[in-house]
Amino acid sequence: MVVNVTLLQAQNVRKLYGGFCALDDVTLSINDGEHVSIIGPNGAGKTTLVNVLTGLVRPTAGNVTFKGHNVVNLGAVRLARLQLVNIFPQLSVGETIAVAAISHLRHGERFFSSTARNRPVWEIVERVAAIFGFSGKLDQPAKILSQGDKKLLDVASAFALSPEIILLDEPTSGVSTADKSTIMRVLVQAARQMGIKAIIQIEHDMDIVFGYSNRIIAVHNGRILADGSPASIRARADVMATIVGRQRDHA
Amino acid sequence: MTTSTAPIAARTATTATSKRALALPALLFLLIFIFPFVAGPHYVILMFSAMGYAIALLGLNLLFGYTGLLSLGHAMFLAIGAYTAGYMTSTRITNFELILLVAVAIGATVAVPIGLLCIRYVKIYFAMLALAFSMLLYSFLFKFYHLTGGDEGIRIKVPSLTAWDLSGLDTLSVLTGPLYYYVFALLVLLTALMRCLTSSSLGLQLRAIRENQQKAEYLGVNVKRYRLVAFVIAAVYGVLGGVIIAIPVGLADPSIAYWVQSGNLIFMLLLGGYTNFLGPLLGAVVFIFFQDQLMSFTEYWRLTFGVILVMIVVFFPNGLMGAIDRRGWWST
């Protein structure tokens, strides 16, 4: 992956909810090849930041651009975002991935042709399923999958959009330690195989943050407290005390 | 990357297009087709109405079974169909095809603005808003006597067919003969069309919306757009059903827009099984005949229906079709 080509840029972003300032003068850029972890205590503004970066929430001031275009006007096809375990319980694994593949191929308006016979859609489904280990489970309803597989399916469906950047809101929360490393390993591998240019993830688990990211952004009270490599963040005693220490206290 | 056709073939084999799965609707349609040969005129007329309800329910189930939006006001579209037939036949425009086309045009035109407002809401809010619109129409039909005939309604003459000369035939012969088979052909056509729609990307996206709206949005599904599409298609099926239901009655009156009518439609869906594509067809047929028989036995038929509804919800949550189609070939 080529580093230092700016994909996503936020400039002087401010987000107010009534009188509460969730984000205050945030400026950052996400570059090609980066795996960015956003860390911070609860209520720091991490989710608001991801929402603003994906265009899901409009900033009160400032702007966010993806390759020079305002993110508000971009669809999920360019920036995929996912959250906790978020599945379609009654849909099969194959159908779940197919929903994303249809969006990616812009086949949503094909009202008179059978989805089951839509070869391009099922080629994407098979490719993504193979990467995520779902090849033998395409007809299984999503609701009967294990918690770890549900999480993986959630990630897989977002990958089927073939986005350039993927934003993950705590992709490993609520799963066992063993599943966490499986999910992260598969996720990073899939990103490489599918040519995803950057990963941004909100994460509380510091082992994952320091084990997988090549850049960490620490957020506190709606502001960026620190932004740098894992080594440089580890060297910042104030950040470690404010964010990592606080999380250990909570734990 | 696997590019073989095997998994695609495996996928299609599990869908309802397999030959064994087709036996279910084929049997149902065969029963309806041969019905005029084996049953008396009273029952054939009942089947005529059941076909009208089945068409309306196919549309309603796109909204409820596939999209997860329960409308308590779908009767408004039946009323639009019935009154269109009433107005047109009373002005001597009796061509059935033309009546259907005008009804579809009016139904779709009315459905777009109402749908735009309703699809902003889900669950009880959607249901109540649809009910409110239906009751508004009911009040209008009831109160604006000079336009709608008030509680007396508008009489509907038996329509004529472009490709079938009906002159010389009495009303009963038309309803149990040419018009019956015309409506039957329409039912088969509209069922095939609905199957086509539900098997397409529209069907999958609607099911995704039903299952998890937020996730569907994240995956790039235009939730409001497809909800509106489902609402308008349901409305079109509703008006077509309304035209057909009103013909054997010979009258379009406000009761067709009343909330009880919408309640009956929901009952039929639950009876047949809203989780099954064929549920609306079976639900309509069973409901109409069962209601007819029950009404002739007891004046407390509504009470009996209530008990049956409770039993269906408790023992057969997927309706009669869910119990018949155990392999889920036609599951929504």
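Below you will find a few notes about this structure. All values derive from a computational prediction rather than experimental measurement. (Residues numbered from 1 in each chain as written. Chains lettered and ligands numbered in written order. Predicted model: local features only at pLDDT ≥ 70, side-chain atom pairs only at ≥ 80, totals over all residues.)

Observations regarding the overall build of chain B
Item 1. Counting secondary structure elements, chain B contains 16 helices and two strands.
Item 2. Taking 20 Å as the expected radius of gyration for a compact globule of 332 residues, we find that chain B reaches 20 Å, a close match to that expectation.
Item 3. For the C-alpha atoms alone, the extent of chain B along its principal axes is close to 65 × 45 × 45 Å.
Item 4. Across the 332 residues of chain B, 48% fall into the buried class. (Helix = DSSP H or I, 4+ residues; strand = E, 2+ residues; numbered from the N terminus. Rg over C-alpha atoms; globule rule 2.2 N^0.38 Å. Buried ≥ 20, exposed ≤ 12 C-beta atoms within 10 Å, placed from the backbone.)

Here's the deal with the sheet that holds strand β5 (residues 69-70) of chain A
Residues and elements named next belong to chain A.
Item 1. Pairing is antiparallel across the open sheet formed by four strands, whose spatial order is β2-β1-β4-β5. The sheet terminates laterally at β2 (20-31) and β5, the two strands that pair on one side only.
Item 2. Strands β1 (6-17), β2 and β4 (61-66) of the sheet are contacted by helix α1 (residues 46-54), whose axis makes an angle of about 125 degrees with β1. (Pairing = 2+ DSSP bridges. Contact = placed C-beta atoms within 7 Å. Axes fitted to C-alpha atoms, helices over the stretch in contact; angles between N-to-C directions.)

A look at the packing of helix α2 (residues 19-38) of chain B against helix α9 (residues 178-199) of chain B
Residues and elements named next belong to chain B.
Item 1. As a packed pair, α2 and α9 sit with axes 10 Å apart at the nearest point and diverge in direction by 170 degrees. One way to sum up the angle between α2 and α9 is to call them roughly antiparallel. Residue-level inspection shows Pro-25, Phe-29, Ile-32, Phe-33 and Pro-36 of α2 in contact with α9, the latter providing Tyr-180, Phe-184, Val-188 and Thr-191.
Item 2. Its residues assigned to classes, the contact of α2 with α9 comprises eight nonpolar, one polar and no charged. (Parallel < 35°, antiparallel > 145°, perpendicular 65-115°, else oblique. Nonpolar A, V, L, I, M, F, W, Y, C, P; charged D, E, K, R; others polar.)

Quick word on the environment of Leu62(B)
Residue and element names in this part refer to chain B.
Item 1. In this fold, Leu-62 is placed in helix α3 (residues 41-66).
Item 2. Measuring from C-alpha to C-alpha, the distance between Leu-62 and Arg-327 comes to 21 Å, with 265 residues separating the pair along the chain.
Item 3. With sequence-adjacent residues up to four places away left out, Leu-62 is seen in contact with Thr-67, Met-194, Ala-230, Ile-233 and Ala-234.

A look at the environment of Ile154(B)
Item 1. Along the chain, the position of Ile154(B) falls in strand β1 (residues 154-155).
Item 2. Each residue touching Ile154(B), except ones within four places of it in the same chain, is listed here: Tyr83(B), Gly86(B), Tyr87(B), Ser90(B), Thr148(B), Gly149(B) and Ala252(B).

Focus on the nonpolar core
Across soluble globular proteins, nonpolar side chains show a tendency to be buried alongside one another.
All names here are of chain B.
Item 1. The biggest cluster of nonpolar side chains holds 172 residues, and the ones touching the most others in it are Ala-54 and Ala-79.
Item 2. Looking at this core element by element, the count peaks at 17 residues for helix α12 (residues 223-249).
Item 3. The residues contacting Ala-54, other than those within four sequence positions of it, are Leu-187, Pro-280, Leu-281, Ala-284 and Val-285. (Core = buried A, V, L, I, M, F, W, Y, C linked by C-beta atoms within 7 Å.)

Let's talk about unusual backbone geometry
All names here are of chain A.
Item 1. One non-glycine residue, Asp-25, lies in positive phi territory at about 55 degrees.
Item 2. Here Asp-25 is to be found in strand β2.
Item 3. Residue classification places Asp-25 among the partly exposed residues on the basis of 14 C-beta atoms within 10 Å.
Item 4. We note that Asn-221 has phi near 50 degrees; this positive angle belongs to a residue other than glycine.
Item 5. You can see Asn-221 is positioned in the loop between β9 (215-220) and β10 (223-228).

Things to note about α12(B)
All names here are of chain B.
Item 1. With 27 residues, α12 ought to run about 39 Å at 1.5 Å a step, and its terminal C-alpha atoms sit 39 Å apart, in line with that.
Item 2. The buried fraction of α12 is high, at 22 of 27 residues.
Item 3. Downstream of α12 by one or two residues, Gly-250 has phi in the positive range, about 75 degrees. (Expected span 1.5 Å × (residues − 1).)

Observations regarding α9(B)
Item 1. In this model α9(B) runs 32 Å from its N-terminal to its C-terminal C-alpha over 22 residues, within 8% of the 32 Å that 1.5 Å per residue would give.
Item 2. Every buried residue of α9(B) is listed here: Leu179(B), Tyr180(B), Val183(B), Leu187(B), Thr191(B), Met194(B), Leu197(B), Thr198(B) and Ser199(B).

Describing the pairing of strand β7 (residues 165-169) of chain A
All names here are of chain A.
Item 1. Of all five residues making up β7, five are buried, and the element is well covered by its neighbours.
Item 2. Residues Ile-165, Leu-167 and Asp-169 of β7 are buried on one face, and the alternating residues Ile-166 and Leu-168, pointing to the opposite face, are buried as well.
Item 3. For the crossover from β7 across helix α5 (residues 177-193) to strand β8 (residues 198-202), the handedness is right-handed. (Right-handed = clockwise from strand over helix to strand, strands pointing away.)

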